[in-house]
Amino acid sequence: MTGALTHLGAQGEANMVDVGDKEETTRTAIAEGLVSMQPDTLATILAGNARKGDVLGTARIAGIMAAKKTHELIPLCHPLLLTKVSVDIEPDHDLPGLRVTALARVTGKTGVEMEALTAASVACLTIYDMAKAVDRAMVISGIRLVEKTGGKSGDYRAAS
């Protein structure tokens, strides 16, 4: 790890980073999260038989909405004019459970890692909420940044 914590001032106080002099570039971030559950719970979700309705569709929309509100949830994040947010949810029978992948993109002066991470997190939380009536033992894990491109710090790709 290199570099200083950018959200700390000279005396250690929290502050919002000044991005005014940064160059506008296209920046993309991809994050993921996992929701592990009982095989029967996964089957119920995939069959569309959850009592609360469409688990995957609701989680997808919740993740997209969350990305758009990241600056309201994370105190020092800049409000961004996102150009794209997508949330994909795929079954992973080896978990068993669901793998959530969120992508956020912007042309701007600061990155979208927090927006992608927020989208993945809220989509996972929504899956839990929608299916908790049949499986309160579900586990949300593996929330992480998978990839980021653009900006001064360059590209990043997580190890597999």
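All figures in this text were calculated on a predicted structure; none of them were measured in a lab.

## With respect to the pairing of strand β1 (residues 25-36)
Part 1 of the reasoning: Across the 12 residues that make up β1, a large majority, 10, are buried.
Part 2 of the reasoning: Looking at chain direction, β1 and strand β3 (residues 97-108) are connected through 12 bridges and run antiparallel. Within β3, the residue paired with alanine 29 across the bridge is alanine 104.
Part 3 of the reasoning: Note that β1 and strand β4 (residues 139-149) share eight bridges and pair antiparallel. Its bridge partner lying in β4, alanine 29 is registered against lysine 148.

## Structural notes on the packing of helix α2 (residues 55-68) against helix α4 (residues 113-131)
Geometry of a packed helix pair, given as the angle between the helix axes and the separation of the axes.
Part 1 of the reasoning: Across the interface, α2 lies against α4 with an axial gap of 7 Å and an inter-helix angle of 145 degrees. Crossing handedness for the pair α2 and α4: right-handed. On α4, the residues that touch Val55, Thr58, Ala59, Ala62, Gly63, Ala66 and Ala67 of α2 are Glu115, Thr118, Ala119, Val122, Ala123, Thr126, Ile127 and Met130.

## Points about a nonpolar patch on the surface
Part 1 of the reasoning: Together, Leu125, Ile140 and Ile143 make up a nonpolar patch on the protein surface, roughly 230 Å² of accessible area in all.
Part 2 of the reasoning: Among the secondary structure elements, isoleucine 143 is positioned in strand β4.
Part 3 of the reasoning: The exposure class of isoleucine 143 is partly exposed, given its relative accessible area of 34%.

## Quick notes on unusual backbone geometry
Part 1 of the reasoning: Going from leucine 95 to proline 96, the amide bond is cis rather than trans, its omega being -15 degrees.
Part 2 of the reasoning: The topology assignment puts proline 96 in the loop between β2 (84-92) and β3.

## Thoughts on the side chain of glutamate 32
Part 1 of the reasoning: Examined against the element boundaries, glutamate 32 turns out to sit in strand β1.
Part 2 of the reasoning: A relative accessible area of 11% means that glutamate 32 is categorised as buried.
Part 3 of the reasoning: Side chain to side chain, glutamate 32 and arginine 99 meet in a polar contact 3.4 Å long.
Part 4 of the reasoning: Dropping the residues within four chain positions of it, glutamate 32 is found in contact with Arg99, Val100, Thr101, Ala120, Gly142, Ile143, Arg144 and Val146.

What counts and what doesn't
Residues numbered from 1 in each chain as written. Predicted model: local features only at pLDDT ≥ 70, side-chain atom pairs only at ≥ 80, totals over all residues. Heavy atoms only, no water. Buried < 20%, exposed > 50% of the residue type's maximum accessible area, 1.4 Å probe, protein only. Helix = DSSP H or I, 4+ residues; strand = E, 2+ residues; numbered from the N terminus. Pairing = 2+ DSSP bridges. Axes fitted to C-alpha atoms, helices over the stretch in contact; angles between N-to-C directions. Left-handed = near helix turned anticlockwise from the far one by under 90°. Contact = heavy atoms within 4.5 Å. Patch = residues over 30% accessible without salt bridge, like charges linked within 9 Å, V, L, I, M, F, W, Y side chains within 5 Å. Areas by Shrake-Rupley, 256 points an atom, 1.4 Å probe, with all protein chains shown as cover. Salt bridge = Lys/Arg side-chain N within 4 Å of Asp/Glu carboxyl O. Polar contact = N/O pair within 3.5 Å; in protein donor to acceptor, adjacent residues only side chain to side chain.

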